[in-house]
Amino acid sequence: MKLLRAKLDWILLPMIGFGAAIAIWQILSVTVCKELPSPWRTWLESREYILKPFEKRGEMDQGILRFTWYSLILVAKGYALALLVGTPIGFLLGLSVVFTRIFDPIIQVLRPVSPLAWLPLGLVLFLGAGKQASELGALFTIAVCAMWPTVLNTAVGVRAIPQDYLNVARVLKLSRTKTFVKVLIPATLPYMFTGFRLSLGIAWLVIVAAEMLTGRPGVGGFLWQEYNALNYAHIILCILTIGFVGFALDRLMSVVERRFKTA
Amino acid sequence: MAHLELKAVSKGFGDPSQRTEVLHDINLEIKEGEFVAIVGFSGAGKTTLISMIAGLTKPDAGSVLLRGKPVTGPGPDRGIVFQNYSLLPWLTVYENVALAVDQCFPDWDPARRQAHTERYIAMVNLTPAKTKRPSELSGGMRQRVSVARALAMEPEVLLMDEPLGALDALTRATLQDEFARICQETRKTVVLITNDPDEGIYLSDRIIPLSAGPGATLGPSIEVNLERPRDRKALNHLSRFKEIRREVIEYLVASNRKKRVEVSRALVLPDIEPEDLSVPRATFGARKHPIRRSEIKRENVEI
Ligand SMILES: Nc1ncnc2c1ncn2[C@@H]1O[C@H](COP(=O)(O)OP(=O)(O)OP(=O)(O)O)[C@@H](O)[C@H]1O
Ligand SMILES: [Mg+2]
């Protein structure tokens, strides 16, 4: 009985939240903001995109999951780049005081810069790449923005390694590489994965901005185009898609992260 | 020549301005195959002492010699059982021990290394828990893994820092018996740090009290000339056992008393007149307050 109750709460209570949000949306659409499509209208206008999620009718007129897929691929590339660059920087920061002294200030300065500010610079950097410029610029922006949580968490993780573990390595006379592979990396993994999860969240945030500005096909690009085309219902469709995908990604990373929790 | 020797070793912590000397003028000589127990209060500097023997920290003054050669750093020739186990939590019991074995005997073939690892896990009776991670083990089991790891390195000297400190009396006794058996089997030079004189006497050939800190130093060595194997129950009734124990404890207590600083203060008694309970409390009207004797203006004394 209690178990059933708990399960019900699990499903029921979030439903109440969603219900309330939809109610407010409905009320807003009929009172304050007449331009805002009501939930029902949003559904009617988006049906095509949801029910045929992989259909391709034109460059900027495709099923919503197809757009999501494009976005995910771009995110995956940029995210991979962020991890490949960020993790070693994190280790260096954690291991070397000198390195930290040299680079920490510049990291602190670059970290708060918005993706919207990085993107034009990315486009300028890859001007020579011709048609590829927009993709490379977007990748650059994702990598630069998503890298920081990985960098900082890895550094914190390395600094937090208990002296005991290092003492074990010292008593066993493990070589530098062996200490790194057998002690440093496993001891830092939980922190690294926290960084990876946060980085993925940011990468997904950035993709939308990047697509909006470059006009690439994807959820963000579609959103911006539909705004310009005055199809406001599709904006909401895109927002919901972005939200749910982001949520799913975060959950996925949480599962992975938990697998690496040692203690 | 002594197997392990400490000569006038001192160690302190803190910046030069407010440095406290933890260990002062430690001298110790240990013969090959001897089991020495060092007993001391918590915070006296026992871990500091054993870290210096292990080479994990450097003494400020004096030197640590292993077979006459100064110790410059840690190495697998001095296996250490850390006070806090220091197992790697992402490795299983087997992997924790195997890491040490693979590192110490790189030129053995894998089958031999595996057999060696298994043998030491079996020695501490942990074969059933071989594939478990430290987080799934009890404190005593973790401790035994740590012991197995140190023994499997086949070190010249085995250093144990309160290896049973965190355990309940019952588990403690069991593990002490295991230690006695293992040490009998392997005949190693052992330094055991403990805060329990009985444990020290039960296991060692020689027991040395470490005086209370700061500035702790080793007291007189007391030979534990009791026959092995020792029977824990019978031991308690031996007069020699009681004598050793008294000597150790007296030294420790005396060293602690010396450290205590005397403070004298005036004793201030509460200055309050006891309430007369025979007088009923007035529900309304004037409330009764506690009265200080010094505030009483007039006192009626019956004659
Ligand atoms: N790295 C350090 N920095 C500063 N002070 C230290 C350091 N290590 C130990 N000390 C100090 O040295 C003293 C002795 O510490 P130590 O750990 O050797 O005690 P112990 O005898 O092992 O105590 P216990 O029985 O509780 O383990 C303590 O007062 C402690 O505060
Ligand atoms: Mg200690």
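Everything numeric in this text was worked out from a predicted model, so none of it was measured. Per chain, the residues get numbers from 1 upward, laid out in the order the sequence is written. In the order they appear in the text, chains get letters beginning with A and ligands get numbers beginning with 1. With the structure being a predicted model, the display of local features is reserved for residues of pLDDT at least 70 and the display and counting of side-chain atom pairs for 80 or more, all residues being used for whole-chain, interface and lining totals. Excluding hydrogens and water, the side-chain values take into account all heavy atoms of the structure.

1. A closer look at the coordination of the magnesium ion (ligand 2)
Residues and elements named next belong to chain B.
So, step 1. For Na, K and Ca the donor cut-off is 3.2 Å, while for other metals it is 2.8 Å, and in both cases only N, O and S atoms qualify; water is not among them, so sites may look incomplete. Each protein donor to the magnesium ion (ligand 2) is listed here as T47 (OG1) and Q83 (OE1); together their distances run 1.8 to 2.2 Å. Pair noted here: T47 is in helix 1 (residues 46-54) and Q83 is in the loop between strand 6 (78-81) and helix 2 (93-104), with a separation of 36 residues, a long-range link.
So, step 2. Only protein chains enter the accessibility calculation, which uses a 1.4 Å probe; a residue whose area is less than 20% of its type maximum is buried, one above 50% is exposed, and one in between is partly exposed. Its relative accessible area of 35% is what places Q83 among the partly exposed residues. Helix numbering and strand numbering both begin at the N terminus, where a helix is a DSSP run of H or I of at least 4 residues and a strand a DSSP run of E of at least 2.

2. Some thoughts on the domain arrangement of chain A
Residue and element names in this part refer to chain A.
So, step 1. These domain limits were set by an automatic method or by a database of domain assignments. With domains assigned, chain A is organised as domain 1 (1-36) and domain 2 (41-262).
So, step 2. Contact criterion: two residues are considered in contact whenever any of their non-hydrogen atoms come within 4.5 Å of each other. Taken residue by residue, the interface counts four residues in domain 1 and four residues in domain 2.
So, step 3. Buried area adds together the accessible area that both of two parts lose upon being put together, with accessible area traced by a 1.4 Å probe. Approximately 360 Å² of surface area, both sides summed, lies buried where domain 1 meets domain 2, with 73% of it carried by carbon and sulfur atoms.
So, step 4. Any carboxyl oxygen of Asp or Glu that lies within 4 Å of a side-chain nitrogen of Lys or Arg is treated as forming a salt bridge with it. For the interface between domain 1 and domain 2, the tally reads zero salt bridges.
So, step 5. Whenever a nitrogen or oxygen atom comes within 3.5 Å of another N or O atom, the pair is scored as a polar contact, on the condition that within protein one atom can donate a hydrogen and the other can accept it, and that pairs from neighbouring residues in sequence are kept only if both atoms are in side chains. The interface formed by domain 1 and domain 2 holds zero residue pairs in polar contact (both at pLDDT 80 or more) in total.
So, step 6. Following the grouping adopted for this structure description, the nonpolar residues are Ala, Val, Leu, Ile, Met, Phe, Trp, Tyr, Cys and Pro, the charged ones are Asp, Glu, Lys and Arg, and the polar ones are all others, Gly among them. Of the residues contributing to the side of domain 1 that touches domain 2, the split by class is three nonpolar, no polar and one charged.

3. Some words on the packing of aromatic side chains
Two aromatic rings, taken as a pair, are described by how far apart their centres are and by the angle between their planes.
So, step 1. The rule is short: rings of Phe, Tyr and Trp, with Trp giving its six-membered ring, pair when the centres are within 6.5 Å, and they are stacked under 30 degrees, edge-to-face over 60, tilted in between. Applying the stated criterion to the full structure yields eleven aromatic pairs over all chains.
So, step 2. Ring geometry for F18 of chain A and F244 of chain A: centres 6.4 Å apart, planes at 20°, overall stacked. Residue F18 of chain A is located in helix 1 (residues 2-30), and its partner F244 of chain A is located in helix 10 (residues 232-259); the two are separated by 226 residues in the primary sequence.
So, step 3. An aromatic cluster is defined as three or more aromatic residues linked by ring pairs; in this entry it consists of Y49, F67 and F222 of chain A.
So, step 4. The residue whose ring lies beneath R112 of chain B is W108 of chain B, and the NZ or CZ to ring-centre distance is 3.8 Å.
So, step 5. When the NZ atom of lysine or the CZ atom of arginine is within 6 Å of a ring's centre and also within 35 degrees of its normal, the charge is said to sit over that ring. The ring of Y202 of chain B is capped by R232 of chain B, whose NZ or CZ atom sits 4.4 Å from the centre of that ring.

4. A word on the interface of chain A and chain B
So, step 1. Across the contact, 16 residues belong to chain A and 20 residues belong to chain B.
So, step 2. Counting the surface lost from both chain A and chain B, the interface buries some 1,700 Å², and carbon and sulfur atoms represent 69% of this.
So, step 3. Scanning the region where chain A abuts chain B turns up zero salt bridges.
So, step 4. Linking chain A with chain B are five residue pairs in polar contact (both at pLDDT 80 or more).
So, step 5. At the level of secondary structure, the elements contributing two or more residues to the side of chain A that touches chain B comprise helix 7 (163-171) and helix 8 (176-214) of chain A.
So, step 6. With six residues, the single largest contributor to the side of chain A that touches chain B is helix 7 of chain A.
So, step 7. Taken together, the residues of the side of chain A that touches chain B break down into nine nonpolar, two polar and five charged.

5. Quick notes on the nonpolar core
So, step 1. Counting residues in each nonpolar core, the largest one holds 94 residues, and the members touching the most others are I38 and I207 of chain B.
So, step 2. Beyond its immediate stretch of four places on either side in the chain, I207 of chain B contacts A37, V39, P197, G200, I201, P220, S221, I222, V224, I244 and V248 of chain B.
So, step 3. Residues belong to one nonpolar core when they are buried, are Ala, Val, Leu, Ile, Met, Phe, Trp, Tyr or Cys, and are joined through side-chain atoms within 4.5 Å. The next biggest cluster of nonpolar side chains, apart from the first, holds 49 residues, and it includes L119, F140, C145 and I207 of chain A.

6. Section: the sheet that holds strand 9 (residues 206-210) of chain B
Residues and elements named next belong to chain B.
So, step 1. Two strands qualify as a pair provided DSSP detects at least 2 bridges between them. Ordered by their spatial adjacency, six strands build an open sheet running 6-7-8-3-9-10, and the pairing between neighbours is mixed. Looking at strand neighbours, the two that pair on one side only are strand 6 and strand 10 (222-223), the edges of this open sheet.
So, step 2. Sheet topology places strand 3 (residues 35-40) next to strand 8 (residues 189-194); five bridges connect them, and they run parallel. When the bridges of strand 8 are listed, V36 appears paired with V191.

7. Description of the site of ligand 1
Residues and elements named next belong to chain B.
So, step 1. Any residue with a heavy atom lying within 4 Å of a molecule or strand is counted as near it. Near ligand 1 you find F13, V22, F41, S42, G43, A44, G45, K46, T47, T48, Q83 and E162, and these make up its full shell.
So, step 2. A44 places a polar main-chain atom, nitrogen or oxygen, 3.3 Å from an oxygen atom of ligand 1.
So, step 3. One of the side-chain N or O atoms of E162 is found 2.6 Å from an oxygen atom in ligand 1.
So, step 4. Look at ligand 1: alone it shows 640 Å² of surface, and the protein chains cover 56% of it.
So, step 5. Sorting elements by how many residues they give to the shell around ligand 1 places helix 1 first, with three residues. Areas reported here follow the Shrake-Rupley algorithm with a probe of radius 1.4 Å; residue values treat only the protein chains shown as occluding.

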